[in-house]
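Spelled out, the chains give:
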Amino acid sequence: MKKILILGAGTAGTIMANKLHQVLPHDEWQVTIVDQNETHIYQPGLLFIPFNIYTCNDVIKPKRDFIPQEVELIMSGIDVIEPEKNRVKLANNQVLSYDYLIIATGSHLAPDETEGLLGDGWNKNIFEFYTLEGACNLQKFLKHWSGGKMVLNIVEMPIKCPVAPLEFLFLADWWFTEQGIRDKVDLTFVTPLPGAFTKPKAASILGDFLDKKNIHLVTEFNTGSVDSSANKIVSFDGKEVEYDLLITIPTNMGDAVIERSGLGDELNFVPTHKHTLQSKAYENVYVIGDATDLPSSKAGSVAHFQADVLIENIQRAIDGLPLVEEFDGHANCFIESGFGKGLLIDFNYDVEPLPGKFPLPGIGPFSLLQETKANHWGKMMFRWIYWNLLLRGSELPIQAQMNMAGKTK
Amino acid sequence: MPVREIAGVHVDFDDEGFMTNPDQWTEEIAKALAEEEGISELTEGHWKVINFIRNDYKEKGQPPTIRRMNKVGGIATKDLYDWFPQGPAKKAAKIAGLGKPQGCV
C-alpha cells in the first residue's frame, strides 16, 4: 500500500481526507490523518459567542464524525517531521512513513509574543475570541459589563480571518445598543494597517461603516507591549491607547512542530508555491490552509478553494503529470455588520474586493460590498453548509477560481 | 515609471518613491534617500539594517518583515523604530533600494 499522510484535522485537513477518500483506489492507497484534539470547532461561529448569538456548544462536534471510516485517524501530537526520510514522528512514539505528505497544521494565537499581554489583566479585562475558551470567557464577561472604553487591537499581521475584528466591532455596536448601554461604551479599533482592512476599496467602504457606527479608528499602530497596571497598550514608537476592556487579536503563528522540523519562516508558516500548493523545499510535501506562508487570507473559504486545486495536483503527481498552477488566492467572506445585516466580499491575489452580485452575475442573491439582510442569512446558513457539505468534501456551486462576472470595477 | 536624478545618477522609481531596480542602488543613493526620509545621517545601526535587508532580499526575493529582521537579523524591534521612525519596514526598504514590502491580507 502506498501512503498519504495528512497532519492536522481542522477545516483543510478534514476536507482533504474526504476528497482523497473519494478519488483514490482504496486497495492501493492508505490515507492517514493525525490530530491532537478530538473536537472540531466551527471557527466562523466563535465570533457570535461573546454576543450570546451562539452558545459554546453550538460550534463543536467530534472530529471523528467527519473522517471517512477507511481513513486512519490517529489522535496524537506531532513530535517532528523528517521530510528527508519521508517520515513523521508522533508524540505517542509512533513513526509514520509516507509517499506524500499534506501539512494542514493551521495557525494559532501566540499572546506570549507580546510583552505584558499575558499579565495581570489577562481574562480579567483582556480577552480574545479566536479560541473556544476565549470566546466563552468573553461571553461571561460581557453579560455583566456595564460599559467603558472597549479597544479592539490587532497586534500584528497576518491574522486568521482578517474581517473578524471588524465583524466583532459591528456586532459589539449592535449588542451594546440592544443592552441599552451603547451611550456608555466607547468603541475603538487599533490596527497596524493604514486603514480598516487590507485591501484599499474594501478598507474605504468598511471605514465608512466604522464612522457611521461611531467606532473610532487608530491606524499604523504596531503594538509593542501591554501595560496591565495602567490599562494601556503601547506601540513600538511610543504611542499609547488606554482601555477599560481590551479585546486583543494576538500574533498568529504556525504550529511549533513546523519550527522543530526546520520547515517554517519566522512565523512558523511553511514556504509554499502560491499557485500549486507544493512545498518549496520538498517535492512530495504539500501545504494547505492556514499553515502556508501564502499572501492569501487565512480562512476556511480559502482552504476550501485550495482543496479543489490540491486534490487535482496530488492526483497529477501520482500520475507523473506536471502540477496545475490554478490556485489564485480566492477568498470569499461574509462580513456580519450587526442589526441582522451583512456584507460579502470576494477577491483573490490580484483582484481586490469589488461591488456586484454573487454568485449569479446581476442576480445574486448575495450583494458584494453592500449591506443586506440576505448576506446576513447567507452567513447564518453557512454553518449548516460547513458541517454537512464543506467538511465532507462535497461539491459546492462556487468555483475555486475567482470570477469577474457580476463584479463592477 | 518616473526616472529621476539622485546622488548624480538617473534612477527608476515607482509612484510611491520605491526604487524598481535594486541593481541601480549605491551607498550614495542610500544616503540621499535617507535624507529625503528625514534621516540626516546613516549610523552603524542603519547600515546593519540596510545590509541585512539587501542580503535577505537576494535570498528571498522580497523585503523582510520587522519580525524577520528581529528573528533572523537579530535587530531589536525597538531599535528599528528608533532608527527608521514611523514604519521601519517600509522606510528601510525604501532606503535600501528595494520595492515596497508586500501588504498583508
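The structure reproduced in this document is the subject of the present report. Given the structure is predicted, the values throughout are model-derived calculations rather than measurements.

Moving on: the state of the cysteines. Residue and element names in this part refer to chain A. Tallied over the full model, the rule gives 1 disulfide over all chains. No disulfide involves Cys161; its nearest neighbouring cysteine sulfur is the one of Cys333, lying 5.8 Å away. A relative accessible area of 24% means that Cys161 is categorised as partly exposed.

Next up on the list: unusual backbone geometry. Residues and elements named next belong to chain A. A cis amide bond links Met157 with the next residue in sequence, Pro158, at an omega value of 0°. Despite not being glycine, Asn52 has its phi angle at roughly 65°, a positive value. Positioned with a positive phi, Glu220 is a non-glycine residue whose angle comes to about 50°. Residue position: Glu220 is located in the loop between strand E14 (215-218) and strand E15 (223-227).

Below, the discussion takes up the side chain of Thr191(A). When you line up the elements, Thr191(A) lands in the loop between strand E13 (185-190) and helix H4 (200-212). Apart from residues lying up to four places away in sequence, Thr191(A) is in contact with Ile154(A), Leu217(A), Val218(A), Thr219(A), Glu220(A) and Phe221(A).

To continue, consider the sheet that holds strand E2 (residues 29-35) of chain A. All names here are of chain A. The 5 strands lie next to each other as E5-E2-E1-E9-E20, forming an open sheet whose pairing is parallel. Bordering the open sheet on either side are strand E5 (72-75) and strand E20 (285-287), each of which pairs with just one other strand. Pairwise comparison of adjacent strand axes, ignoring direction, gives a mean angle of 20° for this sheet. Here strand E9 (residues 100-103) runs beside E20; their pairing, made up of 3 bridges, is parallel. Note on E20: the bridge partner recorded for Ile103 is Val287. Strands strand E1 (2-7), E2 and E9 of the sheet are contacted by helix H1 (residues 11-23), whose axis makes an angle of about 160° with E1.

What counts and how
Residues numbered from 1 in each chain as written. Chains lettered and ligands numbered in written order. Predicted model: local features only at pLDDT ≥ 70, side-chain atom pairs only at ≥ 80, totals over all residues. Heavy atoms only, no water. Disulfide = S-S within 2.5 Å. Buried < 20%, exposed > 50% of the residue type's maximum accessible area, 1.4 Å probe, protein only. Helix = DSSP H or I, 4+ residues; strand = E, 2+ residues; numbered from the N terminus. Contact = heavy atoms within 4.5 Å. Pairing = 2+ DSSP bridges. Axes fitted to C-alpha atoms, helices over the stretch in contact; angles between N-to-C directions.

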